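Notes for the structure review
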Amino acid sequence: MSNKYFKAQSWLNSSPSKNGLLPEDLEGTLQGNLDLEIPMDPLAESCPFKPQDFLVPGWSGEGLFSKPGFVVKKAHKHLISDAKSQFKEIINRNITQHKIIYNEFTIFLEAKKIQGHPIDSPIKFTNYITKAKEYDDVTNDFIDLYCFRSVTVYLYKARFLLTLAKKMDIGFDKVDLHNPNSILSRIFKTGSSSELKCESFKIHQFSWYRPSHYISESIREIKSCLTLISTTEMIKLATYDLSSLEYSHSYSHKSFGLLVNKLLIKFPKWIESSKSEKAYPFHGLMNGKSSERLSALTTRFAGNNLSSLSLSHWMAQENNVLQNWDEVICPEFKGDEFFQGKYTQICQEIQFLTFLVDLATYQGHDLLGLICKVMNDKYNKSTSNDAGQMSIFSSTDIKTSQSTYDRVVLNLTKLPKKNPHHYLMGQVTNELKALNKDGYLFVFTNQKFFVPSHSDKIEHFLKEAKIEALFNLDQLSGRGEIASFLYVFRKRKQYSKPAFLTPIASSEKEACLSFRWSGNLEIFNKFETFVDEFQTFMDTKSCASTPVYQAEPCTNLSFDFHQDAILDGLLLSSTSKDSSNITHPSFFKNLTKSCVPFDSFFQIESFSSEQNQSRKNSLTSDLLGISIRHEERFPLLLIVDHTNPKNITLELTSADVYQAKLEEYGMAYFQYFGLIPKRNDINLNVFREYFNTQLGRQIIQLFLNGGDTKVKAKLRSLLVPKFFLENNQIPTHIIESFKVFNFDSSEILNSHPTELSDEFNQSVNFLNSTQQKYPWHTLGMISHFKLSLNSALEKLDHTPTEIFKNPVIIEQLIGTSSQSIYPKSADIFVRMPLKDPAHIHHPLTQVEIGTEGQNHYVELISGENTIIQLYTSSNLAQFIKFILSSAIGMEISSILQNLKVPSAANIDLILSNHTSLKDTLEDLESRCSKRILSILTTNINS
């Protein structure tokens, strides 16, 4: 191939300059024409070469100057030279002008960190400028900067005037750019309906410049070109020193601007729509074209990278200009006074006016009506107080102490190394003051807000502010300078309380929406896929009834959402690096793919809601003679326990115990739901065990931690492993290896601990293969066995006689000497409360244990009469009852003469030394729990 091809390829593959632009000599060569074909070697003529094939994907040359842009850039330099020649004249106009320019000079010195400069007053500054033939370097630099900014403000104003004149069919020959204020004052007449409230058109430190007649040629050139250059080119022209500019390729990208726009306009509406069950419809917000329907959304941008944020904002606004709007973002960029102060505000405000001209044109609004209405709305909102009340005086009559905004975007990517969390909270607190009562604050930062060591401070802070949502981008590589976290704050509405009411201090849990974007952005242009997925999510899902959502908008990119909660200044289920946590990215992804909603198994109805409707249905029911209770309609009952906000639990039982549970638990912290199974093969034990596992508790907490509202919708979407839908049975020839899992509690208590443990171990050897092929059946078997183990342990605690059935105890009792209980025994006192001695020969019908003070006794009862009372120790009394439970029907006199029992000391010794049975049951129960959790996690991750 020829050298031309290799030169073009190497140039186009080279990385852009720091500001995303090509060098000026190459810009002149390309001049924005990306379809330029470069001659190639004859061997490659069959493959026409196009430069865009070698550029970064997604870049369409926005950073390049166009031909009109080069004309304006050239004229810009001539205008700056003209402004510098007029500088000596304006310094002598009046005292006010002296002070304004000197104030800019002091700001310049402070920004450059120049101390002890000899010019320390307006008079000295004026004398120095008017009398000195040459200036020092510091003054020269200031004059260059000041004239540059004044000329740039003039160009912004001229561009707006020319754009407005073009849309109003005013000929350019009638537009005198030597004095644009004259024409603007005639278009926007003071005191008329078309009066424009705009700070940029008032007298300020940069409004002095008027082009002289010596550069009329440059004025004629920019007349035809100024309306043709893009916003990107204007922002480049408005930047004085590109080398020292705080610039970000990521924050200046259109994709990021689209994200911020959706956050500012659509995200708050989506949150507020949570009162409805349906997702908020964002399409068709504005049916008509009247500008009266278009309101201003005052927005303040503050923090780092404001130049980049402004560029991405305007690129996104121009991208969306064809959409129907009911709100238009009125941006205000406020940063450091020198770098992003009054100068930036003026330029951006005029840029906004120019944008409104395009907006009115594309959407068919009345041009002047739209501009005036939006700017008036912006002014009225900014001058209203915290309660939303506007002043009845004009701005000339009263000055507000601080402007308020509908939205504030704070970008804090540069934090101090010492105590960054304290700095973050301080900045957030200051910005919250700038919000109106219904405003939203969006904070981009690399500092985690929820830090356990600062939970007390966070809890106190959250009494004044509320966190609506958080976005975690920490695991998204290739995002450039974009912060790791985004927090969405709101002011809390304050309500006055009567003085006689003393608030009760209690912890309250609040819902918090949690988003996580993770993966690898091979090129930053793919960031827009997240923005599109975010829009789709808001269009189709409700934040109130969508506990979990997961999507993969592109290869190696993941979009995750779950309901989080805040309690005592802590985030209950934050993103964790622990892979056992369900919010871990990999497990979260598998969870959403391998689970189905709870309503796939059950039809769910709320008992409480039906109770509220009972009055409406009572008349019809009485007329028809129909009265159906909850217990009759629903076979199952699901109870949601909110007593511990950090650990919400579910209890699944039969519906016939509803009234008993209602009396036991009440309605304050419990909610009751009736369930109707949708399948015949549902194993309730499997669901009970799932709810009680570590995994199940995490999922319950994740889905139900948003408070006790809309619980039914959250229950319906509660994730349950998909394999619960399977009904594959273990073959008969294999099921024989798992006989131990069919034991009930009585069989377990009658088993020798060693034999029971050995039999369990033998069955476990076959579980690894069966749980892979038949997970549902295997889980059901283990759940049943675990339930039997728990029942056996309860019997040991509440029914002590059950322990005497165990073979180990029986072996030791058989080897122990025994003694008669009558006529004389050292451990037993026999009392006969007989009314008739003949009753001693009656048959035994019942055996009971009683206490009299600290004394224990066994009653031998026949019919309704107590025949004999045997006073002895507690353990011996339990043993006697156990023995006599097999002697029902025998004559009591025969029992009294023939019964022999071990001594009380031996019984106590056997029971105190023997704990192997209980230890074995507890060990098996623990192993069953671990196996159940293993089956669940394995099937979710598979």
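Cut-offs applied
Residues numbered from 1 in each chain as written. Predicted model: local features only at pLDDT ≥ 70, side-chain atom pairs only at ≥ 80, totals over all residues. Heavy atoms only, no water. Helix = DSSP H or I, 4+ residues; strand = E, 2+ residues; numbered from the N terminus. Buried < 20%, exposed > 50% of the residue type's maximum accessible area, 1.4 Å probe, protein only. Contact = heavy atoms within 4.5 Å. Areas by Shrake-Rupley, 256 points an atom, 1.4 Å probe, with all protein chains shown as cover. Phe/Tyr/Trp six-rings, centres within 6.5 Å; stacked < 30°, edge-to-face > 60°. Core = buried A, V, L, I, M, F, W, Y, C linked by side-chain atoms within 4.5 Å. Pairing = 2+ DSSP bridges. Axes fitted to C-alpha atoms, helices over the stretch in contact; angles between N-to-C directions. 1 Å grid on protein atoms, 1.4 Å probe; cavity = no way out; pocket = protein on both sides within 12 Å on 5 of 7 lines; lining within 4 Å. Points joined across faces, edges and corners; volume = space filled by probe spheres on them. Nonpolar A, V, L, I, M, F, W, Y, C, P; charged D, E, K, R; others polar. pLDDT = per-residue confidence, 0-100. Expected span 1.5 Å × (residues − 1). Salt bridge = Lys/Arg side-chain N within 4 Å of Asp/Glu carboxyl O. Parallel < 35°, antiparallel > 145°, perpendicular 65-115°, else oblique. Left-handed = near helix turned anticlockwise from the far one by under 90°. Lys, Arg positive; Asp, Glu negative; His and termini not counted. Polar contact = N/O pair within 3.5 Å; in protein donor to acceptor, adjacent residues only side chain to side chain.

Moving on to the overall build of the chain. Summing up its helical and strand segments, the chain has 33 helices and 23 strands in all. With 942 residues in all, the chain has 50% of them scored as buried. When contacts within the chain are restricted to residue pairs at least 6 apart in sequence, long-range pairs at least 24 apart make up 77% of them. Of the roughly 45400 Å² of accessible surface on the chain, 50% is carried by carbon and sulfur atoms.

This model, assessed by the stated rule, comprises 73 aromatic pairs. Here the aromatic rings of Phe461 and Phe489 are separated by 6.0 Å at their centres, their planes lie at 85 degrees, and the arrangement is edge-to-face. Of the two residues, Phe461 is situated in helix H16 (residues 455–461) and Phe489 in strand E7 (residues 485–491); the sequence distance between them amounts to 28 residues. Consider the rings of Tyr658 and Tyr672, whose centres lie 5.6 Å apart with planes at 80 degrees: the pair is edge-to-face. Of this pair, Tyr658 sits in helix H21 (residues 658–665) while Tyr672 is found in strand E16 (residues 670–677), placing the two residues 14 residues apart along the sequence. On the basis of relative accessibility, which here comes to 1%, the residue Tyr672 falls in the buried class.

The biggest cluster of nonpolar side chains holds 86 residues, and the ones touching the most others in it are Phe87, Phe125, Phe160 and Ile371. Among the elements that take part in this core, helix H6 (residues 137–167) stands out by supplying 17 residues, more than any other. Residues within four places of Phe125 in sequence aside, it is in contact with Phe87, Ile91, Ile101, Tyr102, Phe105, Ile119 and Phe142. Counting 65 residues, the second-largest nonpolar core is a separate cluster that includes Val640, Leu749, Leu767 and Cys928.

This brings us to unusual backbone geometry. Of note, the amide linkage connecting Tyr822 to Pro823 takes the cis form, showing an omega dihedral of 15 degrees. Its identity as a non-glycine residue notwithstanding, Lys113 has a phi of 60 degrees, on the positive side. What makes Lys113 exposed here is its relative accessible area of 74%. Positive phi, close to 60 degrees, is recorded for Asn305, a residue that is not glycine. Within the fold, Asn305 resides in the loop between strand E1 (295–303) and helix H11 (306–319).

The next thing to look at is the sheet that holds strand E22 (residues 865–872). The strand order across the open sheet formed by 4 strands is E19-E22-E21-E20, and the pairing between neighbours is antiparallel. Only two strands of the sheet have a single partner each, and these edge strands are strand E19 (829–831) and strand E20 (846–852). Along the sheet, successive strands turn relative to each other by an average axial angle of 25 degrees, direction set aside. Strand direction decides the pairing type here: E20 and strand E21 (residues 855–862), joined by 7 bridges, are antiparallel. Counterpart to Glu852 in the pairing with E21 is Asn855.

With that settled, consider the sheet that holds strand E14 (residues 636–641). Strands in a sheet are paired, the pairing made by backbone hydrogen bonds, and the direction either parallel or antiparallel. Here 4 strands make up an open sheet; going across it, the order is E13-E16-E14-E15 and the pairing antiparallel. A strand with exactly one partner marks an edge of an open sheet, and here the two such strands are strand E13 (602–606) and strand E15 (649–654). Each strand axis lies, on average, 30 degrees off the axis of its neighbour in the sheet, ignoring direction. Pairing geometry for E14 and E16, over 6 bridges, is antiparallel. Looking at the pairing, Leu638 lines up with Phe673 of E16. Across the face of the sheet, helix H22 (residues 684–692) comes into contact with E13, E14 and E15 while running at roughly 160 degrees to E15.

A water-sized probe rolled over the atoms picks out the places where empty space is left. Overall, the coordinates contain 4 cavities of 30 Å³ or more when judged by the stated rule. Considering only enclosed or pocket space, the largest cavity measures out at about 100 Å³ in volume. The wall of the largest cavity is formed by 14 residues, among which Glu104, Ile107, Arg149, Phe206 and Phe338 lie closest to the centre. Listing elements by their share of the lining of the largest cavity, those giving two or more residues are helix H4 (95–111), H6, helix H12 (337–340) and helix H13 (342–363). Every residue lining the second largest cavity is listed: Ser150, Val153, Tyr154, Lys157, Pro180, Asn181, Phe206, Ser207, Trp208, Tyr209 and Arg210. Counting only elements with at least two residues in the lining of the second largest cavity, the list comes to H6 and helix H7 (180–187). Broken down by element, the residue count for the lining of the second largest cavity peaks at 4 residues, all from H6. For the lining of the second largest cavity, the per-class residue count stands at 6 nonpolar, 3 polar and 2 charged.

Moving on: the confidence of the model for the chain. Low pLDDT marks stretches whose predicted atomic positions should not be read closely. Per-chain confidence: the chain averages 79 in pLDDT, with 81% of residues scoring 70 or above. Counting interchain partners and residues more than four positions distant, the pLDDT-below-50 stretch residues 1–46 has 70 contacts. Overall, residues 575–580 carries pLDDT values under 50, and its contacts beyond four positions in sequence, including any with other chains, amount to 11 contacts.

Note on placement: Asn320 falls in the loop between H11 and strand E2 (327–334). On the basis of relative accessible area, Asn320 is assigned to the buried category, the value being 11%. With residues up to four places along the chain from it excluded, the contact list for Asn320 reads Leu258, Asn261 and Trp325.

Another aspect to go through is the environment of Leu652. Note that Leu652 resides in strand E15. On the basis of relative accessibility, which here comes to 6%, the residue Leu652 falls in the buried class. Residues in contact with Leu652, not counting those within four places in the same chain, are Leu636, Leu637, Leu638, Leu675, Leu684, Phe687 and Arg688.

Looking now at the pairing of strand E9 (residues 548–554). Here 5 bridges tie E9 to strand E10 (residues 557–567), and the two strands are oriented antiparallel to one another. Bridge pairing links Ala551 to Phe559 in E10. With antiparallel pairing between neighbouring strands as the criterion, E9 and E10 make up a hairpin whose turn holds 2 residues, including Asn556 at a positive phi of roughly 65 degrees.

Another point: helix H17 (residues 527–540). In an α-helix, one turn spans 3.6 residues; hence positions three or four apart end up facing the same way. Between its terminal C-alpha atoms H17 stretches 21 Å, which fits the 20 Å expected from 14 residues at 1.5 Å a residue. Among all positions in H17, only Phe527, Phe530, Val531, Glu533, Phe534, Gln535, Phe537 and Met538 are buried.

Among the 11 residues in helix H23 (residues 694–704), 9 count as buried, and that is most of the element. The set of residues buried in H23 consists of Leu695, Gly696, Gln698, Ile699, Ile700, Gln701, Leu702, Phe703 and Leu704.

One can find Glu349 in helix H13. Distance in space between the C-alpha atoms of Glu349 and Phe333 is 9.2 Å, their sequence separation being 16 residues.

Our next topic: the pattern of salt bridges. Taken as a whole and assessed by the stated rule, the structure comprises 22 salt bridges. Between Glu468 and Arg490 there is a salt bridge whose closest N-O contact spans 3.9 Å. Of the two residues, Glu468 sits in strand E5 (residues 465–472) while Arg490 sits in strand E7, which places them 22 residues apart along the sequence. Residue Glu468 shares its accessibility class with Arg490, and that shared class is buried.

Take the packing of H6 against H7 next. Helix-helix packing is characterised by the crossing angle of the two axes and by the distance between the axes. Where H6 contacts H7, the two axes come as close as 10 Å, and the packing angle between them is 45 degrees. Taken together, H6 and H7 sit at an angle that is classed as oblique. For H6 against H7, the interelement crossing comes out left-handed. Along the contact surface, H6 presents Tyr154, Lys157, Phe160, Leu161 and Leu164, while H7 presents Pro180, Asn181, Ile183, Leu184 and Ile187. Here the residues of the contact of H6 with H7 are counted per class, giving 8 nonpolar, 1 polar and 1 charged.

Checked against the element boundaries, Asp564 lands in strand E10. For the buried residue Asp564, which engages in no salt bridge, the nearest side chain bearing the opposite charge is Arg516, 8.1 Å off. A polar contact is formed between the side chain of Asp564 and the side chain of His562, at a distance of 3.4 Å.

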